[in-house]
Amino acid sequence: MLLTIIIPAWNAEKTLDECLNSIFAQTVSDFEVRIVNDGSTDGTEGLLRQWQARYPGQLFFETVENGGQGRARNLALEKARGQFIGFVDSDDWIEPDMYEKLLA
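Before going into details, it helps to say that this report is about the structure given with it.

Calculation rules
Residues numbered from 1 in each chain as written. Predicted model: local features only at pLDDT ≥ 70, side-chain atom pairs only at ≥ 80, totals over all residues. Heavy atoms only, no water. Pairing = 2+ DSSP bridges. Helix = DSSP H or I, 4+ residues; strand = E, 2+ residues; numbered from the N terminus. Axes fitted to C-alpha atoms, helices over the stretch in contact; angles between N-to-C directions. Right-handed = clockwise from strand over helix to strand, strands pointing away. Buried < 20%, exposed > 50% of the residue type's maximum accessible area, 1.4 Å probe, protein only. Phe/Tyr/Trp six-rings, centres within 6.5 Å; stacked < 30°, edge-to-face > 60°. Core = buried A, V, L, I, M, F, W, Y, C linked by side-chain atoms within 4.5 Å. Contact = heavy atoms within 4.5 Å.

Thoughts on the sheet that holds strand S1 (residues 3-9)
Move 1: One open sheet accounts for 4 strands, arranged S3-S2-S1-S4; its pairing is parallel. Across the chains shown, the open sheet's two edge strands, defined by having one partner strand only, are strand S3 (59-64) and strand S4 (84-87). Taken pair by pair, the neighbouring strands of this sheet meet at an average axis angle of 20°, ignoring direction.
Move 2: With 4 bridges connecting them, S1 and S4 associate as parallel partners. Across the sheet, residue Ile-5 finds its bridge partner in S4, namely Gly-86.

Overview of the pairing of S3
Move 1: Direction of pairing for strand S2 (residues 31-38) relative to S3: parallel, over a ladder of 6 bridges. In the sheet register, Val-33 faces S3, and the bridge partner there is Leu-59.
Move 2: With respect to chirality, the unit in which S2 leads through helix H2 (residues 44-54) into the neighbouring parallel S3 is right-handed.

Regarding unusual backbone geometry
Move 1: In this structure, Asn-11 takes a positive phi of about 45° despite not being glycine.
Move 2: With respect to the secondary-structure elements, Asn-11 resides in the loop between S1 and helix H1 (16-23).
Move 3: A relative accessible area of 26% places Asn-11 in the partly exposed class.

As for the packing of aromatic side chains
Geometry of an aromatic ring pair is reported as the spacing of the ring centres plus the angle between the planes.
Move 1: Taken as a whole and assessed by the stated rule, the structure comprises 4 aromatic pairs.
Move 2: For the ring pair Phe-24 and Phe-31, a centre distance of 5.7 Å and an interplane angle of 45° mean the geometry is tilted. Comparing Phe-24 with Phe-31, the two get one shared label, buried.
Move 3: For the pair Phe-24 and Tyr-55, a centre-to-centre distance of 3.7 Å together with 10° between the ring planes defines the contact as stacked. Remark: Tyr-55 occurs in the loop between H2 and S3 and Phe-24 occurs in the loop between H1 and S2; sequence separation between them is 31 residues.

Some points on the nonpolar core
Move 1: Grouped together as the largest cluster of nonpolar side chains are 22 residues, with contacts concentrated most on Ile-7, Leu-20, Ile-23, Val-33 and Ile-35.
Move 2: Excluding residues within four positions of it along the chain, Ile-35 makes contact with Ile-7, Ala-9, Leu-20, Leu-48, Leu-59, Phe-60, Phe-61 and Glu-62.
Move 3: Judged by nonpolar contacts, the second largest core, of 6 residues, contains Ile-6, Val-36, Ala-72 and Leu-75.

Written out as structure tokens, the structure reads:
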């Protein structure tokens, strides 16, 4: 596995689709996505279940009690399999060639 992309998510129901669409549009394909749902009280978990069904074996998530962004990132880091680690916030989106350029 070349790359693990880590996303901490808290009440990200309104922004998560755009974020994940931009990640799965990357020009590199050897990556996994690890998301920690940090105690969301909106529809974030339901969306994550839908995305996981679309990308089984590539998108992983866990729901934990709210502990903050730093803790969520560290929890995902513990399970990361990538040689390189990238971070994206759940309310951001990235250009399709971002990781290709970074890895080069």
